[in-house]
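Structural characterization, general
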Amino acid sequence: MGLFDYEFQLEKIKAHQPPLQKLNAIIDWEMFREPIEKALHKEPKSNAGAKGYDKVLMFKILILQRYYNLSDAQTEFQIKDRLSFMDFLGLRMGDKVPDEKTIWLFKDELSKVDLAQTLFDTFTQKMMDNGIIAKEGSIVDASFVTIPKQRNTREENKQIKAGEIPKGFEGNPHKKAQKDCDARWTKKNNQREYGYKDHINSDQKTKLITKYTVTPASTHDSQVLEDLIDESDRILYADSAYKSEEIETYLKEKNIKGKIIKRKYRNTPLKAANHKANYKHSKTRVRVEHIFGTLTSQMYNALHLKAIGLTRISSLVGLMNLTYNLVRYEQLVRLQKVKVI
C-alpha cells in the first residue's frame, strides 16, 4: 500500500456521506465526557497494567452499535472491517480495537448507574438551552420493544407474572442469568407481543424525543403519562389510549392544553365536531409515528433488542433514543431548519 492510498480510499468513502460521518461533522462528542467520567470514575489500585480505552471512544462505539443494531461480536468485527467505522471512532489501520467483552462490560457499567438517562438528558438539555426544542407542543406515544421469547413452563410463567422468581431459577444461577423475569406478554390488535415498551414524549416541531421511560409490555400507555410530562409542556397531543377523566384533570392541574383523540363508545357515536377535532389533532399527532418508523427502518429494527432484564433494556433504549436524537438533529441541520450549536 502506498503512503496516501489509505487517505485516498477514505476520501472516496466519505464522498458517499456515511451517516456516522455526518454526525462527526456537527456533534461535539466532548459534551459527554464529563458525565461519563464522573459516573464511571474508579481510583486506580496502582499505575501498573495497560491503560483503559478512552471513555468517549467507548461511548461512540455504543452509538454506532445502536444505530446499526449490532451484537457485541459484530460490533467488534465491523469496526475492524470497515474504514468508515474506524474513521467515525478516530481510529486508524493498526490501532487496537475494543473486543466484544470490553464492549459488553462498558454497556453493563452504564446500565448499573443509569448513565444512558444522564447522557440523554445532557443532549436534550443542550437542545433546549439553545432554543432548538421550544416545547410549543408535545406528543406522547409508546412502542413495543421486543426481545427473544423465553421458553418457560406454564408454572414458571405463572410465577413470573405474579412478580415471583421461579424456584428452579433460584437454585440454578446459570439458568437465572439467561431468564428475563421483567418482560411481559400483552396483546394489541389480536397480535401477541413479548418484551417491553418505550414510552416517549416528543417535540411537535422538531420530532426530537424530550423524555422517555421504559416499562414491561403489559403496562398501559396512560399509566406512565405523569412520568413523561411536566410544567414545561404547554400543549399535549396523544391518541385515544390516553383519554380519561383522570388524565384530563391532571392536565388541567398542570395548565397543559390536552388535544387527545376522542374515542367512540358502543351506542354512542362521535359528534361531527369531535370527528373534525380528531382529524385536526391527528395531523399533528401522527408525527410521533415518524420517530418509531425511523427506529424500525433507518436504524435497522432498533426496537428489537437482545438483552435480559428491565435495567439493561432501559439502558439500551436510552442509548437508542439518544442515537435517534443525534441522527434527527443532524437531519435538521442539513435541512437548514436549525443551526449547529
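Reading the values: the criteria
Residues numbered from 1 in each chain as written. Predicted model: local features only at pLDDT ≥ 70, side-chain atom pairs only at ≥ 80, totals over all residues. Heavy atoms only, no water. Helix = DSSP H or I, 4+ residues; strand = E, 2+ residues; numbered from the N terminus. Rg over C-alpha atoms; globule rule 2.2 N^0.38 Å. Buried < 20%, exposed > 50% of the residue type's maximum accessible area, 1.4 Å probe, protein only. Contact = heavy atoms within 4.5 Å. Areas by Shrake-Rupley, 256 points an atom, 1.4 Å probe, with all protein chains shown as cover. Lys, Arg positive; Asp, Glu negative; His and termini not counted. Charge placed at Lys NZ, Arg CZ, Asp CG, Glu CD. Expected span 1.5 Å × (residues − 1). Pairing = 2+ DSSP bridges. Axes fitted to C-alpha atoms, helices over the stretch in contact; angles between N-to-C directions. Parallel < 35°, antiparallel > 145°, perpendicular 65-115°, else oblique. Left-handed = near helix turned anticlockwise from the far one by under 90°. Nonpolar A, V, L, I, M, F, W, Y, C, P; charged D, E, K, R; others polar. Phe/Tyr/Trp six-rings, centres within 6.5 Å; stacked < 30°, edge-to-face > 60°. Lys NZ or Arg CZ within 6 Å of the ring centre and 35° of its normal. Salt bridge = Lys/Arg side-chain N within 4 Å of Asp/Glu carboxyl O.

On a plain count of helices and strands, the protein chain comes out with 16 helices and six strands. Over its C-alpha atoms the protein chain spans a radius of gyration of 22 Å, differing by no more than 12% from the 20 Å that the globule rule assigns to 341 residues. The proportion of buried residues among the 341 residues of the protein chain is 47%. Residue pairs at least 24 apart in sequence account for 66% of intrachain contacts in the protein chain once pairs closer than 6 positions are excluded. Summed over its atoms, the accessible surface of the protein chain is roughly 19200 Å², and 49% of this surface lies on carbon and sulfur atoms. Charged side chains of the protein chain number 59 positive and 45 negative; the gap between the two group centres comes to 7 Å.

Let's shift gears to helix H8 (residues 115-129). Look at H8: 21 Å from first C-alpha to last across 15 residues, which is about the 21 Å you get at 1.5 Å a residue. Within H8, burial applies to Leu115, Ala116, Leu119, Phe120, Phe123, Thr124 and Met127. Count one or two residues on from H8 and you reach Gly131, which has phi positive near 75°.

Quick look at the pairing of strand S3 (residues 191-203) now. When you tally the buried positions in S3, you get 11 out of 13 residues, the bulk of the element. Pairing of strand S1 (residues 138-146) with S3 involves nine bridges; the strand directions are antiparallel. Across the sheet, Ile139 pairs through a bridge with Ser202, a residue of S3. Examined bridge by bridge, strand S2 (residues 184-188) and S3 share five bridges and lie antiparallel to one another.

Another point: the packing of helix H3 (residues 33-40) against H8. Contact geometry for H3 and H8: axes closest at 10 Å, N-to-C directions at 160°. On the basis of their axis angle, the class for H3 and H8 is roughly antiparallel. With respect to the hand of their crossing, H3 and H8 are arranged in right-handed fashion. Contacts between H3 and H8 involve Pro35, Ile36, Ala39 and Leu40 from the former and Leu115, Thr118, Leu119 and Thr122 from the latter. Considered class by class, the residues forming the contact of H3 with H8 number six nonpolar, two polar and no charged.

Bringing unusual backbone geometry into the picture now. Unusually for a residue other than glycine, Lys135 sits at a positive phi of about 60°. Along the chain, Lys135 falls in the loop between H8 and S1. Residue Lys135 is classed as buried on the basis of its relative accessible area, which comes to 6%. Its identity as a non-glycine residue notwithstanding, Asn189 has a phi of 55°, on the positive side. Note on placement: Asn189 falls in the loop between S2 and S3.

Attention shifts here to the packing of aromatic side chains. All chains considered together, the criterion is met by 11 aromatic pairs. Ring centres of Phe32 and Phe59 lie 4.8 Å apart, and the angle between their planes is 45°; on these two criteria the pair is classed as tilted. Here Phe32, found in the loop between helix H2 (19-26) and H3, pairs with Phe59, found in helix H4 (residues 55-68); they are 27 residues apart in sequence, far enough to count as distant. The buried category is assigned to Phe32, whose relative accessible area is 0%. For the pair Tyr67 and Tyr300, a centre-to-centre distance of 6.3 Å together with 65° between the ring planes defines the contact as edge-to-face. You can see Tyr67 sitting in helix H4 and its partner Tyr300 sitting in the loop between helix H15 (287-296) and helix H16 (310-334), a full 233 residues away along the chain. Classification of Tyr300 by relative accessible area gives partly exposed; the value is 47%. Here the basic side chain of Lys60 rests over the ring of Phe88, its NZ or CZ set 4.6 Å away from the ring centre. If you follow Arg82 out to its NZ or CZ, it ends over the ring of Tyr68, 5.6 Å from the centre.

It is worth spelling out the pattern of salt bridges at this point. Overall, the coordinates contain 20 salt bridges when judged by the stated rule. A salt bridge links Arg285 to Asp141, with the shortest nitrogen-to-oxygen separation between them at 3.3 Å. Within this pair, whereas Arg285 is found in helix H14 (residues 272-285), its partner Asp141 is found in strand S1, the two being separated by 144 residues in sequence. The buried category is assigned to Arg285, whose relative accessible area is 12%. Classification of Asp141 by relative accessible area gives buried; the value is 4%. In this structure, the salt-bridge partner of Glu170 is Lys176, at a minimum N-O distance of 3.6 Å. The exposure class assigned to Lys176 is partly exposed, which follows from its relative accessible area of 33%.

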